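Structure assessment
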Amino acid sequence: MSTLFSQKSVDTSSRVTGSILIVISLLIVIGVNILNAKYNAVINRTLVFLLILLTVKCIHNKYIRNILAIVLLIPVAADVTLQLYAWNNFNSAFSYGFALSVLNTTSGEASSMLGLYWRDCLIFVALSALFIYTANTGAWPVAPRFRRWPGIVLGLTVFAFFAQAWQHQLRKSNVESLTQRVVQATPVSTAKVFMQAVEDISVVANIGNNIPDYKITLSDTGIDNYVLIIGESERTANMGIYGYQRDTTPELVKQQSQLLLFRNAVTPAPVTIMAVPLAITADTVKARDPHKYGDNVINIANKAGYDTSWFSRQGKGGAHNNVITGIAMNARQHEWVDGGYDEDLLPLLNDALKKPGKKIIVLHLYGSHEPACRRFPASESVLKGGSEADDCYDNSVRYTDKVMGKIFAALDNSRSSVMYFSDHGLVRDPQRSVVYSHGGVNPPREALHIPMFIWYSHQVDSKNKFTGDYTTPWSADDVNTLAELWLGIHRQGEPVNSVQSWLSGYNKNVSVLDTTGKLYDWGNIR
């Protein structure tokens, strides 16, 4: 009797200990994830972690149980440790930059860092031991006949995450990979930024290693300095030079006699990471081929002997930037400016202009990207009297116009030209909490109609200028072709055209892609 009572007491004590350890482990995962994640992500990650613990605890074979505990629970301990590291040392989430730094760290640097952050190493070891001990402590949490259920529920949960991510790919956006979306909902969510960093390193290397063997000839354009400006989220509907009632583009209006203004330019896609690579590479809307990313404006300008520079206010890494970064990295000078405003690119531009010889300088602006109120200094809040959203957006457009004016002033006493296009437009919907937003699936015209122009300085001979209004519907999918002619570069075996002759003969059925990759005819979009 006493033996039986003792056994029951041990079982009860073991069960209580096991339950306490599960609760402690869950509280750790919840507490760390709640620092930066939204509540639904915290719930998903906690649920998956609980199911992993229960699945492992229900395995009778000790050898198999511990192998699975090591494989499944140590990565969770690493995830928690990395999140705590970022929060404790930088008061931020573990992000792409941290992952890229880890992947690019040498063995010597890693050794030094481990010595510096030894406390984080101890946390990782302690968490790994706790989770594995929890998986091995206490009676099985379910009746023997139900031991398979935690594993089945875990499998169904992960499958549901994949189904949800796949549905998102089809209906909204396929920019991020399916696996990354699923991992984001699990207790190893930091793996997502590592996956993105690995992908980005591969993309950058691929673009750098797949440069075509260009066979080209050059013609004299009478221009020495070329500045290609890639705008951001600029709507023609909010630009005075395109007929908007507010005075948002006074500098462009002053320069109108020096402009070739495209009245009907169309972006190839409504988001930056799709639109910019399609614009400045040989990849096309109707025949997508990432292998063509290496055939781009920068690489062919390098081949032609131009000095090339790329200065950006955009992000450098992540699924929304990696291809663009890969192209930019092939410029002989490249720099990303964090913080500040678009005019902070101008000192870099001025330095690049001092170099002798022909050159192309790319400026990638932050433009009017939402939230637009953060895209210009408070002193540039000139337009008032409308809604907050409209005033913010219109002032961002006017600020971009002011930056343009400074660029024109810097170039006007030299043989220079500027080509500008916005990556895409935005949708304006006053009924939404975010009034100005990106287009997505089945985007409307306002998200696709973009400003585009070529400006010539007074020092460029009139015979080398093509100015006025260009009204033919034109796809920014062809920026790369137009830019080559603008630079005076001609591919062997192709007709030798000027900008004017090529545009005069332009007759294309303009098509666009939405964020799922679906193709639309511009003429059918409203």
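Each remark here, short or long, concerns the structure printed above.
Chains are numbered independently. Their residues run from 1 in the order of the written sequence. For a predicted model such as this one, the threshold for reporting local features is a pLDDT of at least 70, and the threshold for listing and counting side-chain atom pairs is 80 or more; totals across whole chains, interfaces and linings nevertheless cover every residue. No hydrogens and no water enter the side-chain calculation; it runs on all heavy atoms of the structure.

1. Considering the nonpolar core
A general trend in soluble globular proteins is that nonpolar side chains are found buried together. Rule in force here: In this description, a nonpolar core means a group of buried Ala, Val, Leu, Ile, Met, Phe, Trp, Tyr and Cys residues linked to one another through side-chain atoms lying within 4.5 Å. Each residue is placed in one exposure class: buried if its accessible area under a 1.4 Å probe, protein chains only, is under 20% of its type's maximum, exposed if it is over 50%, and partly exposed if it falls in between. Strands are runs of DSSP state E lasting at least 2 residues, helices are runs of H or I lasting at least 4, and numbering of each runs from the N terminus. Between two residues, a contact is recorded if the distance between any of their heavy atoms is within 4.5 Å.
Counting 58 residues, the largest nonpolar core has W310, W474, L482, W486 and L503 as its most contacted members. With seven residues, the single largest contributor to this core is helix α11 (residues 272–280). Here W310 is in contact with I230, I280, I298, I324, I327, A328, A331, Q333, H334, E335, V362 and H364, once residues within four sequence places are set aside. The next biggest cluster of nonpolar side chains, apart from the first, holds 37 residues, and it includes V337, L348, L363 and L411.

2. Re the packing of helix α2 (residues 39–57) against helix α7 (residues 149–171)
Using the following cut-off: With axes taken as lines fitted to C-alpha atoms, and helix axes fitted only over the stretch in contact, angles between N-to-C directions fall between 0 and 180 degrees. Any angle between 65 and 115 degrees counts as roughly perpendicular, while under 35 counts as roughly parallel, over 145 as roughly antiparallel, and the rest as oblique. For a crossing to be left-handed, the near helix must be turned anticlockwise from the far one by less than a right angle; the clockwise case is right-handed. Ten residues, namely Ala, Val, Leu, Ile, Met, Phe, Trp, Tyr, Cys and Pro, are considered nonpolar, four, namely Asp, Glu, Lys and Arg, are considered charged, and the remaining ones, Gly among them, are considered polar.
The N-to-C vectors of α2 and α7 enclose an angle of 150 degrees; their axes lie 8 Å apart at closest approach. Taken together, the axes of α2 and α7 are roughly antiparallel relative to one another. The element α2 and its partner α7 pack so that their crossing is left-handed. Here N44, L47, V48, L51, I52, L54 and T55 of α2 lie close against α7, whose contacting residues are P150, G151, V153, L154, T157 and F161. Across the contact of α2 with α7, the residue classes break down as nine nonpolar, four polar and no charged.

3. Digging into the packing of aromatic side chains
The line we're drawing: Between 30 and 60 degrees the pair is tilted, below 30 it is stacked and above 60 it is edge-to-face, where a pair is any two Phe, Tyr or Trp rings, Trp via its six-membered ring, whose centres lie within 6.5 Å. Two thresholds decide whether a charge sits over a ring: the Lys NZ or Arg CZ must be within 6 Å of the ring centre and within 35 degrees of the ring normal.
Throughout the structure, instances matching the rule amount to 13 aromatic pairs. Summarising the aromatic geometry, the rings of W502 and Y506 are spaced 5.3 Å apart at their centres and angled 65 degrees between planes, so their arrangement reads as edge-to-face. Like Y506, W502 is buried. Aromatic ring contacts, followed pair by pair, group F262, Y470, W474, W502 and Y506 into a single cluster. Across from the ring centre of Y242, 5.4 Å away, lies the NZ or CZ of R263, which sits over that ring. Lying across the ring of W522, R445 places its NZ or CZ 4.0 Å from the centre.

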